[in-house]
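Summary of structural features
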Amino acid sequence: QVQLVESGGDLVQPGGSLRLSCAASGINFRIYAMGWYRQAPGKQRELVATITIIGSTNYADSVKGRFTISRDNAKNTVYLQMNSLKPEDTAVYYCNAKSPTTQYDFWGQGTQVTVSS
């Protein structure tokens, strides 16, 4: 059974930082591309960042230079370091794992990030 468990969401002031973690189980983690997506109230889920099996990264324009995605294959974990947070970063953040064979998307349950003073 595939499980993606996010953690690290919190309430933070503008300009602050958070690190999200996503622990994966039930998959051969090192062969899965991983990603972070977010969904704000009343909006569609959008891509934040992705990382391939060889560590190539891709970011939404809105987070470039502020967020960093990384992975630790030994811990089956993907991270999202978020710096210089803005109120518009407020959303539920979801971890994603994409099957290398079927392209099927697995999702975590989400973790809430709120940026507010």
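This one's a predicted model, so the numbers in the text were calculated from it and none came from an experiment.

Right, let's get into the sheet that holds strand β8 (residues 77-82). Strand order in the open sheet formed by 4 strands is β1-β3-β8-β7, with antiparallel pairing between adjacent strands. Two strands in the sheet have a free side with no partner beyond their single neighbour: β1 (3-7) and β7 (67-72). Within the sheet, the average angular offset between the axes of one strand and its neighbour, ignoring direction, is 15 degrees. By the bridge criterion, 6 bridges tie strand β3 (residues 18-25) to β8 in an arrangement that is antiparallel. Paired with Ser 21 across the strands is Tyr 79, a residue of β8.

Side chains that differ in charge, positive against negative, can pair when their charged atoms come close. Taken as a whole and judged by the stated rule, the model has 5 salt bridges. Taking the shortest distance from any N to any O, the salt bridge between Asp 61 and Lys 64 comes out at 3.1 Å. Taking the relative accessible area as the measure of exposure, Lys 64 reaches 49% and is therefore partly exposed. Across the salt bridge formed by Asp 89 and Arg 66, the nearest N and O atoms sit 2.8 Å from each other. On the criterion of sequence distance, the pair formed by Asp 89 in the loop between β8 and β9 (91-98) and Arg 66 in the loop between β6 (57-59) and β7 is long-range, its members being 23 residues apart. Here the residues in one salt-bridge network are Arg 38, Glu 46, Arg 66 and Asp 89, joined through shared partners.

What counts as what
Residues numbered from 1 in each chain as written. Predicted model: local features only at pLDDT ≥ 70, side-chain atom pairs only at ≥ 80, totals over all residues. Heavy atoms only, no water. Pairing = 2+ DSSP bridges. Helix = DSSP H or I, 4+ residues; strand = E, 2+ residues; numbered from the N terminus. Axes fitted to C-alpha atoms, helices over the stretch in contact; angles between N-to-C directions. Salt bridge = Lys/Arg side-chain N within 4 Å of Asp/Glu carboxyl O. Buried < 20%, exposed > 50% of the residue type's maximum accessible area, 1.4 Å probe, protein only.

In short, the description is geometric, and any link to function would need to be established separately.
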